[in-house]
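Examining the three-dimensional arrangement
Here is what each chain is made of, one letter per residue.
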Amino acid sequence: MASNTFSRQQTAQHGSAGVRTESSVTDPVLSLREVTKSFGDEIAVDGIDLDVERGELLTLLGPSGCGKTTTLRMIAGLEEPTAGEITLADASVAGNGSFTPPEKRDVGIVFQSFALFPHLTVSENIAFGLTDLDQDSIDERVTALLELVDLPSHGDKRPEQLSGGQKQRVALARSLAPEPELLLLDEPFSNLDVRLRVEMREEVRSILKEAGVTAVSVTHDQEEALSISDRVAVMNNGQVEQIGRPELVFEQPESRFVASFLGRASFLSSQLSGDSLETGIGTFDAKMLEGYNKQYDGIKVDVLVRPDDLRATTAIPEETNGRVVSRQYVGPSFIYRVDLDSGDTVHCLHNHAVNFAVEERVKVQLVADHSLAWYPQSD
Ligand code: ATP
């Protein structure tokens, strides 16, 4: 059992941990080594290495079919790896010829559907897995959990009397009740409507942090992953393409796939020349590129630009460098798609008050005040 599950613990908070990278995991609760799962000829998970730090919330993020659910199921013990080893709390639970069944692993699962028992009250649902305790201890634990999930007066209600968000909090409380070493969350917000989803992200993160539990969640929603996680593992084709803090994977994606999956990405086809970066929207100091050094002089690169890195303005015809080809209204802002004369297509984010017509010629400028990710064109 995990210790101190209900006490407020010092855990790395999103954004403040700052330097947590895969190599800085010092006290892993869960480790995967070269874990592979094949279904017949199909390799669903392809040699994954992963460490999850005590108290951390790690999210597996990726498109449909990339292998994230299969990975979660192997951690839970619902699938057996074809190869590799899984270690949970210093004990091998799969690999090297051994396999620990799910009920013998100290793992809690929050299912997409919440899977509450409709005929039991909220308190009875939460107490369901507490078979080893006497009644007083059960009552004490249930009361503490009802407080933790902010439902202190809902213990006697039945699931049908609860809202979607309340049901989710009960499902969380029930999974936390036996103080599992590890909590798994399978697309935890997919059953909630859009408005509630955003609200519950913050709520769930704060409950998990208050409980101090180590957790792995799975989602294909990049905004959700970035907002709730301490670290995100971006998966593609059964492999982890990049793992790191949300800010790191978003701002310094190591591949075009990660760049494009995490939000809208455009690429400026560019030439490095001396200390200059020549692009279709002007020449810039090559030091703008993340990790640039002179050994890259002379090569062609693709520079990642997101819509908020660029701005379109009206200009005299000789100064324009592109043509607006479409515009998307997203409430407070417009995203303009611009075909540059250089051949690249980029997106520019503007306040809703800035109004360009489709076909209008504009001057696109770089307004990013951070270093830019880039990829050699031969990649
Ligand atoms: P989604 O977001 O759609 O759930 P995912 O990233 O979770 O996708 P998985 O469910 O892990 O992906 O599936 C990875 C691959 O393994 C897919 O191509 C899927 O068809 C295949 N797969 C998963 N489970 C099985 C199974 N029981 N039998 C055969 N193939 C499977």
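Residues numbered from 1 in each chain as written. Predicted model: local features only at pLDDT ≥ 70, side-chain atom pairs only at ≥ 80, totals over all residues. Heavy atoms only, no water.

A few words on the overall build of the protein. Helix and strand counts for the protein come out as eight helices and 21 strands. Taking the principal axes of its C-alpha atoms as reference, the protein extends roughly 80 × 50 × 40 Å. Across the 379 residues that make up the protein, the buried fraction comes to 49%. The contacts of the protein with a sequence gap of at least 6 include a subset with a gap of at least 24, amounting to 68%. (Helix = DSSP H or I, 4+ residues; strand = E, 2+ residues; numbered from the N terminus. Buried < 20%, exposed > 50% of the residue type's maximum accessible area, 1.4 Å probe, protein only. Contact = heavy atoms within 4.5 Å.)

Within the largest apolar cluster, 35 residues are counted, with the highest numbers of intra-cluster contacts made by Ile126, Leu172, Leu176, Leu183, Leu185 and Leu208. Contributing elements (two or more residues each) for this core: α2 (122–127), α3 (135–148), α4 (164–176), β8 (182–186) and α5 (194–211). Considering every element that reaches this core, the biggest residue donor is α5, with six residues. Within the second largest apolar cluster, 28 residues are counted, among which are Leu268, Val338, Leu340 and Ala368. (Core = buried A, V, L, I, M, F, W, Y, C linked by side-chain atoms within 4.5 Å.)

A few words now on the environment of Gly40. Assignment of secondary structure puts Gly40 in the loop between β1 (28–39) and β2 (42–53). Taking the C-alpha atoms as reference points, Gly40 and Arg245, 205 residues apart in sequence, are found 35 Å from one another.

The environment of the ligand is formed by Phe39, Glu42, Ala44, Pro63, Ser64, Gly65, Cys66, Gly67, Lys68, Thr69 and Thr70. Between the ligand and Gly65, the relevant distance is 2.7 Å, taken from an oxygen atom to a main-chain nitrogen or oxygen of the residue. In this structure, an oxygen atom belonging to the ligand sits 3.0 Å away from a main-chain N or O atom of Cys66. Summarising the interface, the protein chains cover 60% of the accessible area of the ligand, which totals 630 Å² for the free molecule. If one sorts the elements of the shell around the ligand by residue count, helix α1 (residues 68–76) sits on top with three residues. For the shell around the ligand, the per-class residue count stands at four nonpolar, five polar and two charged. (Near = heavy atom within 4 Å. Polar contact = N/O pair within 3.5 Å; in protein donor to acceptor, adjacent residues only side chain to side chain. Areas by Shrake-Rupley, 256 points an atom, 1.4 Å probe, with all protein chains shown as cover. Nonpolar A, V, L, I, M, F, W, Y, C, P; charged D, E, K, R; others polar.)

Here the UniProt-annotated "domain: ABC transporter" (unreviewed entry) positions come out as residues 30–262. In residues 30–262, the share of helix is 34% and the share of strand is 29%. The end C-alpha atoms are 25 Å apart. (UniProt positions renumbered as here; feature names shortened; annotations may be inferred.)

Moving on: the sheet that holds strand β20 (residues 361–366). Spatially, the five strands line up as an open sheet ordered β16-β20-β17-β18-β19, and their pairing is antiparallel. Across the chains shown, the open sheet's two edge strands, defined by having one partner strand only, are β16 (310–313) and β19 (345–351). Sheet twist, expressed as the mean angle between neighbouring strand axes with direction ignored, is 40°. Sheet analysis places strand β18 (residues 333–340) next to β19, joined by seven bridges and oriented antiparallel. Its bridge partner being in β19, Tyr336 is matched across the sheet by Cys348. (Pairing = 2+ DSSP bridges. Axes fitted to C-alpha atoms, helices over the stretch in contact; angles between N-to-C directions.)

The next subject is the confidence of the model for the protein. Within the protein, residue pLDDT values average 89, and 93% of them lie at 70 or more. Counted against residues more than four places away or in other chains, residues 1–22, with its pLDDT under 50, gives 58 contacts. (pLDDT = per-residue confidence, 0-100.)

So, about the sheet that holds strand β7 (residues 107–110). Ordered in space as β7-β8-β9-β3-β10-β11, the six strands form an open sheet in which the pairing is mixed. Each edge of the open sheet carries a strand with a single partner, namely β7 and β11 (239–244). Adjacent strand axes in the sheet meet at a mean angle of 20° when their direction is disregarded. Across four bridges, the pairing between β7 and β8 is parallel.

Glancing now at the pattern of salt bridges. Overall, the coordinates contain 20 salt bridges when judged by the stated rule. Across the salt bridge formed by Arg54 and Glu181, the nearest N and O atoms sit 3.4 Å from each other. Taken together, the residues span a long stretch of sequence, with Arg54 in the loop between β2 and β3 (57–61) and Glu181 in the loop between α4 and β8 at a distance of 127 residues. A salt bridge links Glu203 to Arg169; its shortest N-O distance comes to 3.9 Å. Pair noted here: Glu203 is in helix α5 and Arg169 is in helix α4, with a separation of 34 residues, a long-range link. Taking relative accessible area as the criterion, Arg169 reaches 12% and is therefore assigned buried. The structure contains a network of salt bridges with shared partners spanning Asp27, Arg54 and Glu181. (Salt bridge = Lys/Arg side-chain N within 4 Å of Asp/Glu carboxyl O.)

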